Amino acid sequence: MIREILSFIDDAEKGAQHVAALVDIGARLGAHIKIGVLTAAPMMLPELAPFGSLYLPEIALRADGELQIGRARGLVAAAADRVDIWGYHDSVGWLAADVRDSRQIADLIAIGDADSWNVPWLRRKLIETLLLSAGTPILLLPGAPKIGRVRHAVLGWKPSAQANRVVHDLVALAEPGARIDVVTVGPAPEGEPAELPGSGIKRHLARHGFAVEMFRINDGDEPEDQLQAFAVRHKADLLAVGGFAHTRIREIVLGGVTRALIDSPFLPVLMAH
């Protein structure tokens, strides 16, 4: 059951649509919203992040942060009793670590798309940092999202600890009796039985009361494109995938599917690591 949703923005004006969506989602789910406003020191160009930062005295940066917090609070004035807003200010390269070290607790972290951020690099860095350190599922929201009850989800399935984790989070988020399509991407291994690998996941979800179907798709496109296209074609409410990393040594370098879905989600995407 979702009772607290945590989110972050770095610009109240660009993030206004995302904030409005959060308030709507909170009302639908009966959840409290917590929003952290990230204020980065000025840069020559946002596209240069994390380089190109300009010096600004601490007192001036703090004042900029308070201004952004005030603007964000203005966006939720009608729902102020259901929304908490506070802020962080720092060099752009340190803000994601500041958020990580604050150890905020919530049931779900929701992040808007790149267009809702002044510094898209900061959004990506924040998502990667929280995905690998927060222990909380992350919901990536496209522009103008409308999500409340999850009655139909697509689960991108690749047996792993990360996939198992997102299954648990999906079970908590989906409506009782929801339809879940379990989708494996790629050619079938030689000698694969008629029933897709991972049949244990079908039994597991069915025992939770979900209507489960399993699919294998392989049309030659990138896996993330195939998964999103399948979810959109079948009118799913969200896509759920595990957040994968290439190596233990460099976990911050996330796998290709994860990175592509972070950059350009076409529908709400639930991730866990």
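Residues numbered from 1 in each chain as written. Predicted model: local features only at pLDDT ≥ 70, side-chain atom pairs only at ≥ 80, totals over all residues. Heavy atoms only, no water.

A. Representation of the packing of aromatic side chains. Using the criterion set out here, one finds two aromatic pairs in the structure. Between Trp-86 and Tyr-88 the ring centres are 6.3 Å apart and the planes differ by 65 degrees, which places this aromatic pair in the edge-to-face class. The class of Tyr-88 is buried, set by a relative accessible area of 13%. (Phe/Tyr/Trp six-rings, centres within 6.5 Å; stacked < 30°, edge-to-face > 60°. Buried < 20%, exposed > 50% of the residue type's maximum accessible area, 1.4 Å probe, protein only.)

B. Region of the structure containing a nonpolar patch on the surface. Together, Met-44, Leu-45, Leu-48 and Leu-54 make up a nonpolar patch on the protein surface, roughly 370 Å² of accessible area in all. Its relative accessible area of 55% is what places Met-44 among the exposed residues. (Patch = residues over 30% accessible without salt bridge, like charges linked within 9 Å, V, L, I, M, F, W, Y side chains within 5 Å. Areas by Shrake-Rupley, 256 points an atom, 1.4 Å probe, with all protein chains shown as cover. Salt bridge = Lys/Arg side-chain N within 4 Å of Asp/Glu carboxyl O.)

C. Local environment of the packing of helix α3 (residues 92–102) against helix α4 (residues 120–133). The interhelical angle for the contact between α3 and α4, taken along N-to-C directions, is 30 degrees, at an axis separation of 9 Å. Taken together, the axis directions place α3 and α4 in an arrangement best described as roughly parallel. In this structure, α3 crosses over α4, and the sense of that crossing is right-handed. The residues of α4 that touch α3, namely those facing Val-92, Gly-93, Leu-95, Ala-96, Val-99 and Arg-100, are Trp-121, Leu-122, Lys-125, Leu-126, Thr-129, Leu-130 and Ser-133. Residues belonging to the contact of α3 with α4 are distributed by class as follows: eight nonpolar, three polar and two charged. (Axes fitted to C-alpha atoms, helices over the stretch in contact; angles between N-to-C directions. Helix = DSSP H or I, 4+ residues; strand = E, 2+ residues; numbered from the N terminus. Parallel < 35°, antiparallel > 145°, perpendicular 65-115°, else oblique. Left-handed = near helix turned anticlockwise from the far one by under 90°. Contact = heavy atoms within 4.5 Å. Nonpolar A, V, L, I, M, F, W, Y, C, P; charged D, E, K, R; others polar.)

D. Local environment of the environment of Phe-210. Along the chain, the position of Phe-210 falls in the loop between α6 (199–207) and β8 (211–217). For Phe-210, a relative accessible area of 7% puts it in the buried group. Sequence separation between Phe-210 and Glu-175 is 35 residues, and the spatial gap between their C-alpha atoms is 8.6 Å. Not counting chain neighbours up to four residues away, the residues in contact with Phe-210 comprise Val-171, Ala-174, Glu-175, Gly-177, Ala-178, Ile-180 and Leu-205.

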